Amino acid sequence: MTRFLPAPLMVTSSPWRRAAGSVPALGALQRRLLASALDAVRPGGVVAYVTCSPHLAETGVVVADVLKGRDDIETLDARAYLPEIGGLGVGSYVQLLPHRHNTHAIFLEFLQKGSSAGGPCPHRRLPLASVSVGRIT
């Protein structure tokens, strides 16, 4: 069964737009949500950390901070699940950008919990049907 844990959203085209000063508090909340999801997922399970933001303080830095001191989590190459989209850069994550990908600024990182034996579990590909990216039309 797939379960989703919604994170705080940045909706740039609505009255819900955040101020720059709110990023540190929301980053702390995002760290707690991600850490909780990683603690709750079963061994072998995958957590998709997704934000609608291009800001490192809400994307890669959150993931790096949460993974510090954890040896039970392996990053999966999210780019491999979106082969039809070019310009995804380097690293295991995907960062979509409005000017490059004609979509919102979406960050995606797949994090897989290791086996119950302790170490990382053997790499298992997610079904491609489980990943989709919406386009702005």
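A short tour of the structure in this document, coming up. (Residues numbered from 1 in each chain as written. Predicted model: local features only at pLDDT ≥ 70, side-chain atom pairs only at ≥ 80, totals over all residues. Heavy atoms only, no water.)

Before going further, it helps to examine the overall build of the protein. Each helix and strand in the protein was counted, giving three helices and four strands. Helices (α) and strands (β) of the protein occur, in sequence order from the N terminus, as α-β-α-β-β-α-β. Burial status across the protein gives 36% buried among its 137 residues. In the protein, the share of contacts with a sequence separation of at least 24, taken over all contacts with a separation of at least 6, comes to 62%. When the accessible surface of the protein is totalled, it reaches about 8,300 Å², and 61% of it is carbon and sulfur. (Helix = DSSP H or I, 4+ residues; strand = E, 2+ residues; numbered from the N terminus. Buried < 20%, exposed > 50% of the residue type's maximum accessible area, 1.4 Å probe, protein only. Contact = heavy atoms within 4.5 Å. Areas by Shrake-Rupley, 256 points an atom, 1.4 Å probe, with all protein chains shown as cover.)

Right, let's talk about the nonpolar core for a bit. Among soluble globular proteins, nonpolar side chains are generally buried collectively. Ranked by size, the top nonpolar core spans 13 residues in total, and within it L34, L38, V47, Y49, V63, L67 and L111 carry the most contacts. Residue assignment for this core shows that the elements contributing at least two residues are α1 (23–40), β1 (46–51), α2 (60–67) and β4 (107–113). Broken down by element, the residue count for this core peaks at four residues, all from α2. Those residues in contact with L34, other than ones at most four positions away along the chain, are V47, Y49, V62, V63, V66 and L111. (Core = buried A, V, L, I, M, F, W, Y, C linked by side-chain atoms within 4.5 Å.)

Looking now at the environment of G89. Tracing the backbone through its elements, the reader meets G89 in the loop between β2 (73–76) and β3 (94–95). Here the alpha-carbon distance between G89 and R79, two residues 10 residues apart in the chain, equals 8.7 Å.

Structurally, A57 can be placed in the loop between β1 and α2. Given a relative accessible area of 35%, A57 falls into the partly exposed group. In this structure the C-alpha to C-alpha distance between A57 and P24, which are 33 residues apart in sequence, comes to 7.6 Å. When residues no more than four places from it in sequence are discounted, the contact partners of A57 are V23, G27, R31 and V62.

A few words now on the side chain of E58. Looking at the element boundaries, E58 is found in the loop between β1 and α2. One polar contact links E58 to S53, side chain to side chain, over a distance of 2.7 Å. (Polar contact = N/O pair within 3.5 Å; in protein donor to acceptor, adjacent residues only side chain to side chain.)

Before going further, it helps to spend a moment on the pattern of salt bridges. Evaluation of the coordinates by the stated rule reveals five salt bridges. In this structure, the salt-bridge partner of R70 is D72, at a minimum N-O distance of 3.0 Å. As a salt-bridge pair, D77 and R79 come within 3.0 Å of each other at their nearest N and O atoms. By sharing partners, the salt bridges in this structure join R31, D65 and K68 into a single network. (Salt bridge = Lys/Arg side-chain N within 4 Å of Asp/Glu carboxyl O.)

This next bit is on unusual backbone geometry. Residue N102 is not a glycine yet carries a positive backbone phi of 55°. Summarising the element assignment, N102 is placed in the loop between α3 (98–101) and β4.

Its location among the elements puts S53 in the loop between β1 and α2. Take S53: its relative accessible area is 1%, and that puts it in the buried class. In terms of polar contacts, S53 uses its side chain to reach the backbone amide nitrogen of H55, at 3.1 Å.

So, about the packing of aromatic side chains. Considering all chains together, one arrives at three aromatic pairs under this definition. Taking the centre distance of 6.1 Å and the plane angle of 70° together, the rings of Y49 and F107 count as edge-to-face. With Y49 in strand β1 and F107 in strand β4, this residue pair connects regions lying 58 residues apart in the sequence. Note on accessibility: Y49 and F107 belong to one class, buried. Centre to centre, the rings of Y81 and F110 are 5.2 Å apart; their planes meet at 85°, and the pair counts as edge-to-face. Taken together, the residues Y81 in the loop between β2 and β3 and F110 in strand β4 connect sequence positions 29 residues apart. (Phe/Tyr/Trp six-rings, centres within 6.5 Å; stacked < 30°, edge-to-face > 60°.)

Take it as geometry only, folks, not as evidence of what the structure does.
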